[in-house]
Amino acid sequence: MFVKVCGLSTAESVQAAVDAGADAVGFVLTASPREVTPEQARGLLAGVPDGVAAVGVFRHEPAADAVATARAAGLEWVQLHGHRTAEDVTTVHDAGMRLIRAVTMGAAAEEFGDLGEEVLLIDAAVPGSGESWDYASVRAKGLGGRKWLLAGGLAPENVAQAAEAAAAWGVDVSSGVESSRGVKDLALVRAFVNSAKAAKD
Ligand SMILES: O=C(O)c1ccccc1NCC(=O)[C@H](O)[C@H](O)COP(=O)(O)O
């Protein structure tokens, strides 16, 4: 099970995620209580070893702007929320970067198609809100064989059940490992990664 921990803003939370075995860490580079500057993200990147994906997260920014900001932060991956096109995917790849494309569960059917991104992320209506949804319903999207992350309202206590219900390739969390909005709880970060890694693939 691929595990991403998102919305990290301190060296301690990065270390907790990495030490627990997270495969990816996310830095929010768009308006959010979790927002970090590119300079802060670059500093946090120092705690991310090779083999762990460091992801810059964006919402409505044009793909070219997201790429420029992520590059300024030294990140290799971008995660783009909002409606995206095959041209956006090309923009990211032509810049030599890697892409997680995020769609909300309620999006139109064509949004779930393969636009060439490396990883798809299926989220709640509002990213980073901690809202849960009917995870099993994603099975109807026919994502078998794709690399995709389940997100929205996951937490240490529900991640294993949710991932199994959805037949997820991986999981992503932010709110469910926080003590208050934007403040990561290190014990919850560890518990989440452990629970997700123990979940049935
Ligand atoms: O975290 C944010 O505030 C945020 C703002 C704008 C775009 C994306 C954002 N976060 C993305 C994520 O953290 C994850 O992809 C996911 O939505 C986490 O959801 P949750 O665990 O329910 O907080």
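Quick caveat: nothing in here was measured; it's all calculated off a predicted structure.

Draft legend 1. Layout of the overall build of the protein. On a plain count of helices and strands, the protein comes out with 6 helices and 10 strands. Over its C-alpha atoms the protein spans a radius of gyration of 15 Å, differing by no more than 12% from the 17 Å that the globule rule assigns to 201 residues. Overall, the protein is about 40 × 40 × 30 Å in size when its C-alpha atoms are taken along their principal axes. Relative to its full complement of 201 residues, the protein shows a buried share of 43%. Long-range pairs, those at least 24 residues apart, make up 54% of the contacts in the protein with a sequence separation of at least 6.

Draft legend 2. Here's a closer look at the UniProt feature "domain: N-(5'phosphoribosyl) anthranilate isomerase (PRAI)" (unreviewed entry) in the protein. Under the UniProt annotation, the feature "domain: N-(5'phosphoribosyl) anthranilate isomerase (PRAI)" (unreviewed entry) is placed at residues 3-194. Helix makes up 29% of residues 3-194 and strand 22%, whereas the separation of the span's terminal C-alpha atoms amounts to 10 Å.

Draft legend 3. Structural detail: the site of the ligand. If you check the shell around the ligand, you find 27 residues, and the closest are Cys6, Ser32, Gly128, Ser174 and Ser175. For the shell around the ligand, the secondary-structure elements that each account for two or more residues are β2 (24-28), β6 (119-123) and β8 (170-173). Tallied by class, the residues present in the shell around the ligand amount to 10 nonpolar, 13 polar and 4 charged.

Draft legend 4. Looking closely at the nonpolar core. By size, the foremost hydrophobic cluster in this structure holds 61 residues, and its most contacted members are Val5, Ala17, Val25, Val55, Val78, Leu150 and Val171. Beyond its immediate sequence surroundings of up to four residues, Val5 is in contact with Ala17, Ala22, Val25, Gly26, Val173, Val177, Val189 and Val193.

Draft legend 5. Focus on the sheet that holds β8. Ordered in space as β1-β2-β3-β4-β5-β6-β7-β8, the 8 strands form a closed barrel in which the pairing is parallel. For this sheet the average axis-to-axis angle between neighbouring strands, irrespective of direction, equals 25 degrees. Strand direction decides the pairing type here: β6 and strand β7 (residues 148-150), joined by 3 bridges, are parallel. Note that in β7 the partner of Leu120 across the bridge is Trp148.

Draft legend 6. Structural detail: unusual backbone geometry. A positive phi angle, close to 55 degrees, is found at Ala167, a residue other than glycine. Position of Ala167 among the secondary structure elements: in the loop between α5 (159-166) and β8. Given 16 C-beta atoms within a 10 Å radius, Ala167 is considered partly exposed.

Draft legend 7. Layout of the packing of helix α3 (residues 63-73) against helix α4 (residues 86-94). Across the interface, α3 lies against α4 with an axial gap of 9 Å and an inter-helix angle of 25 degrees. Classified by the angle between their axes, α3 and α4 sit roughly parallel to one another. α4 is crossed by α3, and the crossing has right-handed handedness. Counting all contacts with α3, which are made through Ala63, Ala64 and Val67, the residues of α4 involved are Asp88, Thr91 and Val92. Its residues placed into classes, the contact of α3 with α4 shows 4 nonpolar, 1 polar and 1 charged.

Draft legend 8. Main features of the pairing of β8. Neither face of β8 is exposed, since Gly170 and Asp172 on one face and Val171 and Val173 on the opposite face are all buried. For strand β1 (residues 2-5) and β8, the ladder comprises 4 bridges, and the chain directions are parallel. Following the sheet pairing, Phe2 is matched in β8 by Gly170. Where β7 lies against β8, 2 bridges are found, and the strand directions are parallel. Note on β8: the bridge partner recorded for Leu150 is Val171. Assessed by its sense of winding, the connection that carries the chain from β7 through α5 to β8 is right-handed.

Draft legend 9. Highlighting the environment of Ala70. Position of Ala70 among the secondary structure elements: in helix α3. Given 27 C-beta atoms within a 10 Å radius, Ala70 is considered buried. Residues Ala70 and Glu12 lie 58 residues apart in sequence; the distance between their C-alpha atoms is 21 Å. When residues no more than four places from it in sequence are discounted, the contact partners of Ala70 are Leu29, Gly56, Leu75, Val78 and Met97.

The rules behind these values
- Residues numbered from 1 in each chain as written.
- Predicted model: local features only at pLDDT ≥ 70, side-chain atom pairs only at ≥ 80, totals over all residues.
- Helix = DSSP H or I, 4+ residues; strand = E, 2+ residues; numbered from the N terminus.
- Rg over C-alpha atoms; globule rule 2.2 N^0.38 Å.
- Buried ≥ 20, exposed ≤ 12 C-beta atoms within 10 Å, placed from the backbone.
- Contact = placed C-beta atoms within 7 Å.
- UniProt positions renumbered as here; feature names shortened; annotations may be inferred.
- Near = placed C-beta within 6 Å.
- Nonpolar A, V, L, I, M, F, W, Y, C, P; charged D, E, K, R; others polar.
- Core = buried A, V, L, I, M, F, W, Y, C linked by C-beta atoms within 7 Å.
- Pairing = 2+ DSSP bridges.
- Axes fitted to C-alpha atoms, helices over the stretch in contact; angles between N-to-C directions.
- Parallel < 35°, antiparallel > 145°, perpendicular 65-115°, else oblique.
- Left-handed = near helix turned anticlockwise from the far one by under 90°.
- Right-handed = clockwise from strand over helix to strand, strands pointing away.

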